[in-house]
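Listed below, chain by chain, are the residues.
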Amino acid sequence: MAMKAFVFDMDGTILHTLPDLTVVTNRTMEKLGYPLHTQEEVLTYVGNGAARLVAQACPASLTDEERAQALALWQQTYLDYDNDLTEPFPGIEEALRELRARGIKTAVLSNKFDAAVQELAEQYLPGLFDIARGEIPPIPRKPHPDALLKLIEDLGATPEETVYVGDTSVDAETAFNAGTKIVGVSWGYDKALPMPIEKLDGYIHTASELLDFIG
């Protein structure tokens, strides 16, 4: 079956955001008087949304209210920060342009909070997505399929006509739950949430390989 839509995770899939995530996390920790973290540590916190990242970065002894305050501060710090260390992974921009030239719909679906997804998509890959969408409560975050299924519907496609592209087991589970194809990328942030490579429809090492899955 020919594919009509490609939907991408953001962090670790299309954008190398880890250096900026580390800066933002440590600025937040510094403001709160909590210990700072190495980039390698922050890598293990990435993949399941900002709330999980912040909860793991903060001391385990915090109350729910204190964690919520830390999350709000982290999100505001992220929006106020220039994200000048972030960049698209090699070949991503060219692959997106080629997909769109071939009539494929393209979109982003991330567990990152929605305002940051909108900002980063426009800042680094402007005009290359029909829809860019992050976590929007009360819609459950990935791996629950609802957000992906709604996005596919908004693109005018079906799950059977959609490829989801990601870098962690959360992305794979999301695709399995929604009934889409799933392609994993080898350059991502799956240290804490490794991709089940043997269960994927594809596992790529260069962005240009995405074109092989159009059908």
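Treat the numbers as computed from the prediction; the structure is a model and nothing was measured. The residue numbering used here restarts from 1 in each chain and proceeds along that chain's sequence as written. Whole-chain, interface and lining totals are the exception, using all residues; otherwise, since this is a predicted model, local features are given only for residues with pLDDT of at least 70 and side-chain atom pairs are given and counted only at 80 or more. For the side-chain quantities, the full set of heavy atoms in the structure was used; hydrogens and water were omitted.

## A short note on the pairing of strand β4 (residues 105-113)
Here β4 lies mainly inside the structure; 8 of its 9 residues are buried. DSSP bridges decide pairing: two strands pair if at least two such bridges lie between them. By definition, any uninterrupted DSSP run of H or I lasting at least four residues is a helix, any uninterrupted run of E lasting at least two residues is a strand, and each is numbered from the N terminus. As paired strands, strand β1 (residues 5-8) and β4 are joined by 4 bridges and run parallel to one another. Along β4, the bridge assignment pairs F6 with T106. When the strands point away from the viewer, a crossover counts as right-handed if the path from the first strand over the helix to the second runs clockwise. In this fold, the crossover linking β4 to strand β5 (residues 131-135) by way of helix α6 (residues 114-124) has right-handed handedness. Buried means the residue's accessible area, taken with a 1.4 Å probe over protein chains only, is under 20% of the maximum for its type, while exposed means over 50%, and partly exposed covers the values in between.

## What about the nonpolar core?
By nonpolar core is meant a set of buried Ala, Val, Leu, Ile, Met, Phe, Trp, Tyr and Cys residues that side-chain atoms within 4.5 Å join together. One finds F6, F8, I14, W74 and L125 to be the most contacted residues of the largest nonpolar core, which totals 52 residues. Not counting the four nearest positions on each side in its chain, L125 is found in contact with I14, L15, P88, I92, E93, L96 and L120. The next biggest cluster of nonpolar side chains, apart from the first, holds 18 residues, and it includes L155, A157, I182 and L200. We call two residues contacting when some pair of their heavy atoms lies within 4.5 Å.

## What about the environment of R27?
On the secondary structure map, R27 appears in helix α1 (residues 18-32). On the accessibility criterion, R27 (42% relative accessible area) is partly exposed. Once the C-alpha coordinates of R27 and Y78 are considered, the two residues, 51 residues apart in sequence, prove to be 9.5 Å apart. Residue contacts for R27: discarding those within four places in its chain leaves T77 and Y81.

## Observations concerning the side chain of T174
Here T174 is to be found in helix α8 (residues 169-178). Judged by relative accessible area, T174 falls into the buried class, the value being 0%. If we ignore the near neighbours within four places in the chain, the residues touching T174 are K142, P143, H144 and L148.

## Considering the pattern of salt bridges
Every case where a carboxyl oxygen of Asp or Glu lies within 4 Å of a side-chain nitrogen of Lys or Arg is listed as a salt bridge. With the rule as written, the count across this model stands at 12 salt bridges. For the salt bridge of K142 with D9, the shortest nitrogen-to-oxygen distance reads 3.0 Å. Here K142, found in the loop between β5 and α7 (146-155), pairs with D9, found in the loop between β1 and β2 (15-16); they are 133 residues apart in sequence, far enough to count as distant. Residue classification places D9 among the buried positions, given a relative accessible area of 6%. Close ionic contact of D64 with R67 constitutes a salt bridge, the shortest N to O distance being 2.5 Å. Remark: R67 and D64 occur in helix α4 (residues 64-80); sequence separation between them is 3 residues, near one turn of the helix. Judged by relative accessible area, R67 falls into the partly exposed class, the value being 25%.

Note that all results are geometric; they support no functional claim without further evidence.
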